[in-house]
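Chain and residue survey
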Amino acid sequence: MFISKINRNLMQFRGRLFRYNIHVDNNFDSLDLILKNQSLSVVRFGDGEFDIINGKSIPYQIYDKDLAKRMKKIILNGSNSKLLVCLPDIFKKVGRYNKDCKNFYYGNFFYQNRKILKEIEKKNRVYGSTFISRPYIDLKDKRRSKVYFKKLRQVWENKDILIIEGKYSRSGEGNNLFSNANSVSRIICPSKNAFFSLKKIEESIKIHATNKLILLMLGPTAKIIIDDLHCQLNNQMIDLGHVDSEYEWFLMGAKSKIKISHKHTAEFNYDDNKVKLMANDSFNEQVVDQI
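Attention here is on the structure that accompanies the text. Owing to the predicted nature of the structure, the values given are computational and were not obtained by experimental measurement.

Here the focus is the pairing of strand β5 (residues 160-166). In terms of residue burial, β5 counts as a mostly covered element, since six of its seven residues are buried. In the sheet, β5 pairs with strand β6 (residues 183-189) via seven bridges, with the strands oriented parallel. The partner of I164 across the bridge, within β6, is I187. Bridge count between β5 and strand β7 (residues 213-217): five bridges; the pairing is parallel. Residue I161 lies in a different strand from β7, and its bridge partner there is L213.

Here it is, written out as C-alpha cells:
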C-alpha cells in the first residue's frame, strides 16, 4: 500500500509537469453557444476517445486504425460554423474538480496523451467543453448543477428528438431528463463495437431523422456519425455521452459514482452483462429501429 501511494504521487507529480496552452470554453459558455445556434452540431472527446487515438482498446470499443485516424482528424481540425468540437475542460482552473478527478488528469491523462495534446496545442484553436453533459459528479462545488441541468434541458424542450444509443444505455428511463421533449424516438445500437455497424446505423438515422433533434449516446462511434451526417441532414446532432448517469447521480445527490442496476452507468464499463433491463412498454414504444 505504501509503495502504491508513492507510485501514485510520482505519477501525479509527473503529470503536473505537463502543462498545455489549450483553450476550452467552460460548460455554461459551450451550452449557451449550442442554445443560440440550433444548426450547430456537437462532438465531445473524453479519455476513452484519446485511448483509441493512442492505439488502445476500451471496454465498449476495440481499437480500430480507421476510427482512431478519423477521431484525431476531427480534433485537430477543430470547430467550424457547423460543428463544435469539445475537449475536457481541465487545462485551467483544475481546482474546481474533486480529488479523484484531479488525480486522474494529473496522474494519467496529461502524461499518457502528451503527444496528441502537444499537437492540439500547436493548432491554437478554441474548443467547447466535453463536460456539457457531465456537470455534476466531478465538481467539488455542485451547487450550480441544478441551474445547469435546467438549462441543458432547454436544448430539447418541446422538440421531437431521436436518440441514438447502445442497448443498455436507456437514457432518460426512470427519470424526467427528456420529459419536456415533444416526442422521443430511439434507434438502439450494439452496446459494444458499434463502429463496426456504422453504415447500418447511419442509414437508419437517415430514415428516421426528419424534423428531429438528434441526440447520440454512442461513445467514439457518435463522433464519426456526426462528422459524416451533420451537413448531409441539416439536423442538429449532439453527442451527449453519459448524460443519463450524471443526471441520475444529481437527482440522488450522490457524492461518488454509484452503479445503476437497470441500465449502463458511466465508469462501470465492464458491467453491461450484469445490467437487468426493466420491462418497460413506454420505452419499447419509442424504439423505431434496433441494429
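And the narrative resumes.
Another point: unusual backbone geometry. Not every positive phi belongs to a glycine, and N193 is a case in point at roughly 55°. Within the element layout of this structure, N193 appears in the loop between β6 and α8 (198-208).

If you look at the biggest cluster of nonpolar residues, it comprises 53 residues, and the most contacted ones within it are I120 and I164. Tallying contributions element by element places helix α4 (residues 65-77) first for this core, with six residues. The residues contacting I164, other than those within four sequence positions of it, are I187, C189, I201, I205, I214, L215, L216, M217 and L218. Membership of the second largest hydrophobic core comes to 32 residues, among which are I132, I161, A181 and M217.

The next point concerns the packing of aromatic side chains. Under the criterion given, the structure shown has 19 aromatic pairs. Judged by centre distance (6.3 Å) and plane angle (40°), the ring pair of Y105 and F110 falls under tilted. Both residues of the pair, Y105 and F110, belong to the buried class. Between the NZ or CZ atom of K142 and the centre of the ring of Y136, over which it lies, the distance is 5.4 Å. Residue placement shows R170 over the ring face of F283; its charged tip is 3.9 Å from the ring centre.

Listed as buried for helix α6 (residues 114-123) are I116, L117, I120 and E121. Along the long axis of α6, the arc covered by the buried residues comes to 145°, so they all point the same way. The outward face of α6, more than 90 degrees from its buried face, is lined by the exposed residues K115 and K122. Contacts from the buried residues of α6 go to α3 (47-53), α4, β3 (83-87), α5 (99-112) and β4 (126-129). Note on α6: the residue one or two positions beyond its end, N124, has a positive phi of about 55°.

Cut-offs used in this document
- Residues numbered from 1 in each chain as written.
- Predicted model: local features only at pLDDT ≥ 70, side-chain atom pairs only at ≥ 80, totals over all residues.
- Heavy atoms only, no water.
- Buried < 20%, exposed > 50% of the residue type's maximum accessible area, 1.4 Å probe, protein only.
- Helix = DSSP H or I, 4+ residues; strand = E, 2+ residues; numbered from the N terminus.
- Pairing = 2+ DSSP bridges.
- Core = buried A, V, L, I, M, F, W, Y, C linked by side-chain atoms within 4.5 Å.
- Contact = heavy atoms within 4.5 Å.
- Phe/Tyr/Trp six-rings, centres within 6.5 Å; stacked < 30°, edge-to-face > 60°.
- Lys NZ or Arg CZ within 6 Å of the ring centre and 35° of its normal.
- Arc of directions from axis to C-beta.

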